[in-house]
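Letter by letter, the chains look like this.
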Protein chains: 6
Amino acid sequence: MKNRYEFGMEMLRKVDGQAGEEVVAPLGDLGKILAEVFGDIYGRDHLSLREREIATIAMLTVLGKEPQLKVHIRAGLNVGLTPKEIEETIIHTVPYSGFPPAINAMNLLRGMNVQNLDK
Amino acid sequence: MKNRYEFGMEMLRKVDGQAGEEVVAPLGDLGKILAEVFGDIYGRDHLSLREREIATIAMLTVLGKEPQLKVHIRAGLNVGLTPKEIEETIIHTVPYSGFPPAINAMNLLRGMNVQNLDK
Amino acid sequence: MKNRYEFGMEMLRKVDGQAGEEVVAPLGDLGKILAEVFGDIYGRDHLSLREREIATIAMLTVLGKEPQLKVHIRAGLNVGLTPKEIEETIIHTVPYSGFPPAINAMNLLRGMNVQNLDK
Amino acid sequence: MKNRYEFGMEMLRKVDGQAGEEVVAPLGDLGKILAEVFGDIYGRDHLSLREREIATIAMLTVLGKEPQLKVHIRAGLNVGLTPKEIEETIIHTVPYSGFPPAINAMNLLRGMNVQNLDK
Amino acid sequence: MKNRYEFGMEMLRKVDGQAGEEVVAPLGDLGKILAEVFGDIYGRDHLSLREREIATIAMLTVLGKEPQLKVHIRAGLNVGLTPKEIEETIIHTVPYSGFPPAINAMNLLRGMNVQNLDK
Amino acid sequence: MKNRYEFGMEMLRKVDGQAGEEVVAPLGDLGKILAEVFGDIYGRDHLSLREREIATIAMLTVLGKEPQLKVHIRAGLNVGLTPKEIEETIIHTVPYSGFPPAINAMNLLRGMNVQNLDK
């Protein structure tokens, strides 16, 4: 049976891809705890991975946490969000936290050269 | 053709029910602007109302905006989220903003006597 | 010559009126430091008291610090802002931090029965 | 008659100058919404553009939104604030959100080589 | 051997006393996760419980999370902080996040009738 | 007798070393006020410099103020914290503000090449 860390790392690879491992690797004990808690939460029922990433992209936008937002834009694409849906999630934050966080998130998204945003 | 305010109020009633009108009524010009922008955003494509409310509940939890969270828990139920899904959205915020905002949101949710959270 | 504390208390009374003393009184050493720093800042040149209170009401709105916002709404009136100008300052925060802080500030303002907001 | 977007872009050019257009251009739909809401708010009465920029610089300092602060320091100069008044607005944030946001804003201001701050 | 939850609840009782159980009880799955992570973190080496509570009281003050601050003021007393040391921790936040959070925390502390603050 | 500014600069040099002077120098009047308030607070009794830096590192982590965090990691080492204790302070923030601020702080700490974190 997998322990919490192994399960968490597997879930991180599934959701975040290569970037998940790169986040954890340099963090020492904090990385281990991150992987464990990530597995605890993302392994739960009641929300799909797609719904979890919509919530996560919205939260990281309003919190202004751009390094993590970059990882979760990739994660959103991994679990099936389209670039348009990610853009829309960022636009949806405007009534709740105003333009500055949304502008910064949108510039980050558009700088990642994700396709098809202006079709 | 409906103007922005009329469309926004219609969207507010659809999403937030009675609570939407009660939020807007005492706010004067701010209420008018709120209704208009709400309609502009919630009337857009690319995300379902259900997905918009998952994002909104997550954002309001991490922002600690409890009066608005209360309105959007009701809105979430209106657009088809189950109590379990709302609870899970709150739990999903923990890795991103820690326990205090999640605890406060959960106590708010549980104080609203939404059914079936512990089945 | 007045010392920093005496000058600060005088400035607090001038700007915040009676409420300034009521804020400081129960706070022990923190109240003393607050009065001193308040005097240091509000006694400076380059901005009028009216401009300082516009900035302060905007900041306290976006920071969600309602007990202090209540004091500074009164302070704004003391230094010559009209109720309409205070309402407008709250509305002006919307593009920068979204609706929830502005709604909470507006409900606070309107609950204080300041006159003439809907004329 | 100008529509909301056209009026908003005109207001953006008036307040933010060239920088306003550069902010909006890469943002797709978000840029359009930004211009519209900017026009809705900045076109209102009760506060002068000068007072609006004092409030905006104070808010963006406490929110730590440096890309937008840079735009609004230029906007402040456009609408008649002196470098000294902008510096003073940043100093005025200290009692409300402490030194770190004020230090970061001041370093940004001083890095823009706005004249006369130490005369 | 105790599992994570049992260890976490034991640690919560040790640090927070009765209040720890009262926080966890109504929270369902979130309470279980809270107890587990609390045990993971507070059971680590390198900082004493006294040092952990100084950090926690400072963080909860700047975050404005008053229900949790109330629990951790009691926790601080449990692990050996004096009322004066808790007061000083709140005063120490002033340069980092300004007066409003410190004032709110101090009023909370003083409302709990902890002894000896003004001796 | 030293005035507030001289005492504050002395305290800044003692706590932050060379970095303290480099923070203050380019800030004009803000730097003077910073030095004075720093001295007022750090010269108080009831907490050791070591305890003050634990609180400060925790606060700056949750506030996401990385330029100031960098200065206070050096300050922590100056007043006797070990690299392991600083790492542990960052890990201790996780339950209170989640992983993104802790990850950013840990990457900052590890990028400073402080010794012995993985022994």
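Fair warning: this is a prediction, and the values are worked out from it, not measured in the lab.

Brief notes about the relation of the copies chain B and chain A
And then number 1: Aligned on chain A, chain B shows an RMSD of 0.0 Å; the corresponding rotation is 180 degrees and the shift along the axis is 0.0 Å. Taken together, the rotation and translation relating the two chain copies correspond to the operation of a two-fold axis. Closest to the rotation axis within chain B is the C-alpha of Ala55 of chain B, separated from it by 2.2 Å.
And then number 2: Interface overlap between copies is the fraction of interface residues in one copy that are interface residues in the other; for chain B against chain A it reaches 100%, indicating a shared surface.

Overview of the interface of chain B and chain A
And then number 1: Chain B puts 30 residues into the contact, and the matching count from chain A is 30 residues.
And then number 2: Between chain B and chain A, roughly 2800 Å² of surface is buried when both sides are summed, and carbon and sulfur atoms account for 71% of that area.
And then number 3: When the shortest N-O distance is used, the salt bridge between Arg52 of chain A and Glu88 of chain B registers 2.9 Å.
And then number 4: Scanning the region where chain B abuts chain A turns up 14 residue pairs in polar contact (both at pLDDT 80 or more).
And then number 5: Going through the elements one at a time, helix H3 (29-42), helix H4 (49-63), helix H6 (83-92) and helix H7 (94-97) of chain B are the ones with two or more residues in the side of chain B that touches chain A.
And then number 6: For the side of chain B that touches chain A, the element with the highest residue contribution is H4 of chain B, accounting for 11 residues.
And then number 7: A breakdown of the residues in the side of chain B that touches chain A according to their chemical character gives 15 nonpolar, seven polar and eight charged.

Overview of the pattern of salt bridges
And then number 1: Following the criterion strictly, the structure yields 78 salt bridges over all chains and no others.
And then number 2: Measuring nitrogen to oxygen at the nearest pair gives 3.8 Å for the salt bridge that ties Asp40 of chain C to Arg4 of chain F. One end of the pair, Asp40 of chain C, is in helix H3 (residues 29-42); the other, Arg4 of chain F, is in helix H1 (residues 4-16), on a second chain.
And then number 3: If you follow the salt bridges from partner to partner, you end up with Arg4, Lys32, Glu36 and Asp40 of chain A together with Arg4, Lys32, Glu36 and Asp40 of chain E in one network.

Looking at the packing of aromatic side chains
The way to describe two aromatic rings as a pair is by their centre distance and the angle between their planes.
Residue and element names in this part refer to chain C.
And then number 1: Taken as a whole, this structure holds six aromatic pairs over all chains when the rule is applied.
And then number 2: Ring geometry for Phe38 against Tyr42: centres 3.9 Å apart, planes inclined by 15 degrees, an arrangement best described as stacked. One end of the pair, Phe38, and the other, Tyr42, are both in helix H3, four residues apart, so they sit about a helical turn from each other. Comparing Phe38 with Tyr42, the two get one shared label, buried.

Focus: the nonpolar core
And then number 1: Formed by 255 residues in total, the largest nonpolar core has its most connected members in Leu30 of chain A, Leu30 of chain B, Leu30 of chain D, Leu30 of chain E together with Leu30 of chain F.
And then number 2: When near neighbours in sequence (up to four residues on either side) are disregarded, Leu30 of chain E contacts Ile91, Val94, Phe99, Ala102, Ile103 and Met106 of chain B.

What about the domain arrangement of chain A?
Residues and elements named next belong to chain A.
And then number 1: You can read the domains of chain A as domain 1 (4-42) and domain 2 (49-111).
And then number 2: Computed over C-alpha atoms only, the centres of domain 1 and domain 2 are separated by 20 Å.
And then number 3: Contact residues are listed per partner, giving nine residues for domain 1 and nine residues for domain 2.
And then number 4: Of the roughly 720 Å² buried between domain 1 and domain 2 on both sides combined, carbon and sulfur atoms contribute 60%.
And then number 5: Seen at the junction of domain 1 and domain 2, the total is three residue pairs in polar contact (both at pLDDT 80 or more).
And then number 6: Of all the secondary structure elements, the ones that give two or more residues to the side of domain 1 that touches domain 2 are helix H1 (4-16), helix H2 (18-24) and helix H3 (29-42).
And then number 7: A class-by-class count of the residues in the side of domain 1 that touches domain 2 yields six nonpolar, one polar and two charged.

What counts, and at which threshold
Residues numbered from 1 in each chain as written. Chains lettered and ligands numbered in written order. Predicted model: local features only at pLDDT ≥ 70, side-chain atom pairs only at ≥ 80, totals over all residues. Heavy atoms only, no water. Least-squares fit on C-alpha atoms with pLDDT ≥ 70 in both. Contact = heavy atoms within 4.5 Å. Buried area = accessible area lost by both parts, 1.4 Å probe. Salt bridge = Lys/Arg side-chain N within 4 Å of Asp/Glu carboxyl O. Polar contact = N/O pair within 3.5 Å; in protein donor to acceptor, adjacent residues only side chain to side chain. Helix = DSSP H or I, 4+ residues; strand = E, 2+ residues; numbered from the N terminus. Nonpolar A, V, L, I, M, F, W, Y, C, P; charged D, E, K, R; others polar. Phe/Tyr/Trp six-rings, centres within 6.5 Å; stacked < 30°, edge-to-face > 60°. Buried < 20%, exposed > 50% of the residue type's maximum accessible area, 1.4 Å probe, protein only. Core = buried A, V, L, I, M, F, W, Y, C linked by side-chain atoms within 4.5 Å. Domains from an automatic or database assignment.

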